[in-house]
Amino acid sequence: MLTIDGSQGEGGGQILRTSLALAALTGTPVRIERIRARRPKPGLQRQHLVAVQAAARVCNGRLEGAALHSGAIEFWPQAPCAGTYAFDIGSAGSTTLVLQTVLPILLDADGPATVEIRGGTHNSMAPPVEFLQQSFLPVLHRVGVSASLALERHGFQPAGGGCIRAAIQPGQAQIPLALHERGKAIARHAEVLLANLPAHVASREALALKHALHWSHQEVDEREVDADGPGNAVIASLRHSEVTAVFTAFGELRKAAEAVAQDCARQVARHCASQAPVCEHLADQLLLPLALGAGGSFRCTALSEHARTNAAVIAAFLGEVVAFAEQDGACLVTVRGRQTG
Amino acid sequence: MSASRPLVAIGLLGPTLDAGRDQKRWNRWRPSVGLHLQDDLVISRFEMLHQRRFDNLAEGLAADIRQVSPATRVTSRHIEFSDPWDFEEVYGALWGFAAGYPWKPDEEDYLVHITTGTHVAQICLFLLTESRHMPARLVQTQPGPRRGPGDRPDSGDGQASLAGTHAIIDLDLSKYDKLASRFAEERAAGAAVLTAGIPTRNQGFARLIARVEQVAAATRAPILLGGPTGAGKTVLARRIYELKKARNLVDGPFVELNCATVRGDAAGSALFGHRKGAFTGAVNDREGLLKRADSGVLFLDEIGELGLDEQAMLLRAVEDRVFLPLGADKPVLSDFQLIAGSNRDLRAAVHAGRFREDLLARIDLWTFTLPGLAQRREDIEPNLDYELRRFARDHGRQVTMNREARARFLAFAAAPEAVWNANFRDLGSAVTRMATLAVGGRIDEDLVREEIARLHGQWRPQADAGGDPLDGLLGAAADKLDLFDRVQLAEVVRVCRRSRTLSEAGRTLFASSRLARRTANDADRLQKYLARFDLDWERVRG
């Protein structure tokens, strides 16, 4: 049994999710200990428990120690199973984080799978659905993964009540990734999402964003969405021929609409200042599918603590397959894939 | 926390805090929803208590809770009270719930949510949990502060303020040792009141005082104080009253009567009062001590001396709180706590027909027998200091003992030859005499020697006046004894009776000859002597 130190690096839920996926895909029983040991409330929290249980569900795995506040779990995976899955996680966690855990596992299933997850879809501490749809999944398509994601209903904290649905065809990445340039700029677009809040919140955010980025009216939309409880997000995407980058800022209680727009604008501006095609968040997400698939390389603007932690966990299962190098003010990431032979 | 066991939360629906039908309800903190939004709490079942008239609100709230926490099963339970601020009604309703609820403490853990409901409801929930009617821990929720930029972005929610925070309070946990030790201090302070601040070195006495403290605080039932004369019954009764007064348990006065000092009509009228003309000499109405002790404490010393008629009236007064003054035709009400004192064996008095059995049964609930001074010789020194301080206080004159005098007095006081017939009263008198005679406020060895002689003189005739110690011990066999043996045996029995142990009696009786021998087996020698008269230690001690 492989033992993973859950307190290394970023030391949070990411280690847990990556370890569970790798355990299921390599058929390696794993023990994860010192879970979130350096956090103020150590051990498993509700949202982590949800991801752990979901991972076990999709491969009929056996779990020990999967309880609230538990500092160590043991996981004996079995073969991933095709089928229809539904997870209702309430507002205990983000639907996208659960999807992030089960998606790579289900790529190894014996047939197509659909996954419906209810709960929060737009949550400041998790990648929003638009990021997965516009940025992450298109890159996966390039390397031969076939998965789609639909947003059925928006769900914001704390009411939740959102729903996403993913359709996953079996098969890990077949084609090595080579993503070193952005390519030609095609479009830029921003969407201000608003639920159960006064309309001026959206118009102020749209105005502030246009002002900050010098974008035109056509490039910024306001959209009122149906959801339980209040919700607000500013989502900007930059489409290039090779890749799309998505940046999000969330409205918060007592945070000025203009400040939310500034948050998003700052991320867009920072990305534009660099030439690298892959943003920090996308880099985090790509390591695992590339390592499990045909590998490849990409250039990214920056490396987050999450990415380094992911690389360390991947190394524990598959050996040192991820390499980082500095190149022209950006970071070159090279991944040797399992399918490369 | 054992996380694998189902966690069940029980809480009142808050018609104000939990309310809200439109989308705006998600904008603010609602305690019952917030409880189910906690990162580190998974509630398997929520028992939502509410009145029938809030059925609609309850339904909406249950749906919201299910949405944010799909793992939670929400059960709606009706509980009715017309005035949520009426303590009796709310307590009754919650008590009824607690009594009827199928608790399974072996299988499930329980949390009682005390953030919703009126303050009265919160107090009732606390009381029911504290008394283990609800075998639960308390949980309190509150709206959380807004997340600061320094907080760890790992909780998965950016709007923790709507979830709020929670705190679990286990009333059983040892972390409340601090509180418990405060109670202990208070009780020790109570014990100090009872002993007038005189520290006791006698463990048995310390235990007895601790028990008296507990009983004094907990009950208004009669208390019976036994023990020899001068053991401190009156002082203790007064101290019990003072303790109760200090803790606001009584507001009436302390009233005392030594029943041996009144007889017949005088006793009846002193206790129960009389109407004018009730008997010869009753020229005016008299209130009586029972009435005066209303909502206070009545201490009746030497209760065994009370006549049978008065005993009957007293019994009724204790049981029904009413009595009839002499010559009156309307009963009088008085609610007092009775403390009775007796140095006699009341059971023997019942046997002899001098004391009512039913009255004894009534006052015998809490019986404390105070040991005599001879049984608490280790406490003589602190009591000596106390008596000296008391003399100084009463007479405004500081008196001290020099070292030799003190040592000599204590050596005498602790020796078996000091019988302390009248116990602490003897000690008090001895100190008063010595202090009064002390020239220049200093008690010297001469004064002590003089006092010892005086005490010896006091005790000897009293021991003789105490009757023949052989009475009742030998029965018919006494007549067959020569006077020569009788005199010797009588003194041996006297020594035995004032000694604590067989060995101590042996040491006193064979004090001279034991010096000459190498092995001292005085106890054995005494035992053999007694056996010649078919007596043993137990029988001699009676």
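Please refer to the structure higher up on the page.
Okay, so let's go over this structure.

How each quantity is defined
Position labels on residues start from 1 in each chain and follow its written sequence. The lettering of chains begins at A and the numbering of ligands begins at 1, in the order of writing. Residues qualify for local features only when their pLDDT is at least 70, as the model is predicted, and side-chain atom pairs are given and counted only at 80 or more; totals for whole chains, interfaces and linings, by contrast, use all residues. For side-chain calculations, the full set of non-hydrogen atoms in the structure is used, while hydrogens and water are omitted. Runs of H or I in DSSP of at least four residues are treated as helices and runs of E of at least two as strands, each being numbered from the N terminus. Exposure classes here rest on a 1.4 Å probe applied to the protein chains alone. A residue is buried below 20% of its type maximum, exposed above 50%, and partly exposed in between. In this description, contact between two residues means that some pair of their heavy atoms is separated by no more than 4.5 Å. All accessibility values rest on the Shrake-Rupley procedure with a 1.4 Å probe; residue burial counts only the protein chains present in the view. Pairing of aromatic side chains requires ring centres within 6.5 Å, counting the rings of Phe and Tyr and the six-membered ring of Trp. Pairs whose planes differ by under 30 degrees are stacked, by over 60 edge-to-face, and all others tilted. Two limits define a charge over a ring: the Lys NZ or Arg CZ must be within 6 Å of the ring centre, and within 35 degrees of the ring normal. What a helix should span is 1.5 Å times the count of its residues minus one. When we speak of the arc, we mean the arc of directions from the helix axis to the C-beta atoms. Points on a 1 Å grid, built from protein atoms alone, make a cavity when a 1.4 Å probe fits but cannot get out and make a pocket when they are open with protein on both sides within 12 Å along at least 5 of 7 lines; residues with an atom within 4 Å of a point are the lining residues. Grid points are joined across faces, edges and corners, and a volume is the space filled by probe spheres set on the points. What makes a salt bridge here is a side-chain nitrogen of Lys or Arg within 4 Å of a carboxyl oxygen of Asp or Glu, nothing more.

## What to know about the overall build of chain B
Scanning chain B for helices and strands turns up 22 helices and 15 strands. Buried residues in chain B amount to 47% of all 542 residues. Long-range contacts, defined here as pairs at least 24 residues apart, represent 72% of the contacts in chain B between residues at least 6 apart. Total accessible area on chain B is roughly 27,100 Å²; 51% of this is exposed by carbon and sulfur atoms.

## Comments concerning the side chain of N202 of chain B
Tracing the backbone shows N202 of chain B in the loop between α6 (177-194) and α7 (203-218). Excluding residues that lie within four positions of it along the chain, N202 of chain B makes contacts with Q375, R376, E378 and D379 of chain B.

## Points about the packing of aromatic side chains
For the structure shown, the criterion picks out 14 aromatic pairs over all chains. Summarising the aromatic geometry, the rings of F97 of chain B and Y101 of chain B are spaced 5.2 Å apart at their centres and angled 45° between planes, so their arrangement reads as tilted. Grouping residues by exposure puts F97 of chain B and Y101 of chain B together as buried. By way of ring pairs, the aromatic residues F97, Y101, W103 and Y110 of chain B are connected into one cluster. When the ring centre of F324 of chain A is taken as reference, the NZ or CZ atom of R308 of chain A above it lies at 5.7 Å. It is R30 of chain B that lies over the ring of W26 of chain B; its NZ or CZ is 5.0 Å from the centre.

## Section: helix α4 (residues 119-130) of chain B
A turn of α-helix holds 3.6 residues, and therefore any two residues three or four places apart point the same way. Residue and element names in this part refer to chain B. Helix length check: α4 (twelve residues) gives 16 Å between terminal C-alpha atoms against 16 Å at 1.5 Å per residue, within 8%. Of all the residues in α4, the buried ones are V120, A121, C124, L125, L128 and T129. The buried residues of α4 all sit within an arc of 165° when viewed along its axis, so they share a single face. Looking at the buried residues of α4, the elements they touch are β1 (7-12), α3 (87-100), β4 (109-113) and β5 (137-142).

## Structural notes on empty space enclosed by the protein
Residues and elements named next belong to chain A. Scanning the entire structure with this criterion turns up six cavities of 30 Å³ or more. As a volume, the largest cavity reaches approximately 270 Å³. Along the walls of the largest cavity sit 25 residues, with Q100, L103, P104, F136 and Q285 positioned nearest its centre. Of all elements in the fold, only α1 (13-26), α3 (95-106), α4 (129-142), β7 (147-153) and α7 (280-292) reach the threshold of two or more residues within the lining of the largest cavity.

## Focus: the pattern of salt bridges
The full count for this structure, using the stated rule, is 50 salt bridges over all chains. Across the pair R52 of chain B and E80 of chain B runs a salt bridge, and its minimum N-O distance is 3.8 Å. With a gap of 28 residues between them, R52 of chain B in the loop between β2 (45-50) and α2 (55-68) and E80 of chain B in the loop between β3 (73-78) and α3 connect regions that are remote in the sequence. For E256 of chain B, the salt bridge is made with R238 of chain B, and the minimal N-O distance between the two is 3.1 Å. With E256 of chain B in strand β8 (residues 254-258) and R238 of chain B in helix α8 (residues 233-246), this pair connects stretches of sequence that are 18 residues apart. Taking relative accessible area as the criterion, E256 of chain B reaches 36% and is therefore assigned partly exposed. It is possible to trace a salt-bridge network through shared partners that takes in E116, R118, E152 and R165 of chain A.

## Overview of unusual backbone geometry
Note that the residue after Q157 of chain A, namely P158 of chain A, is joined by a cis bond; omega there is -5°. Relative to the helices and strands, P158 of chain A is located in the loop between β7 and β8 (162-168). Here N248 of chain B, not a glycine, exhibits a phi torsion of approximately 60°, which is positive. Mapped onto the elements, N248 of chain B comes out in the loop between α8 and β8. Of note, the phi angle at N423 of chain B is positive, near 55°, even though the residue is not glycine. Positionally, N423 of chain B belongs in helix α16 (residues 423-437).

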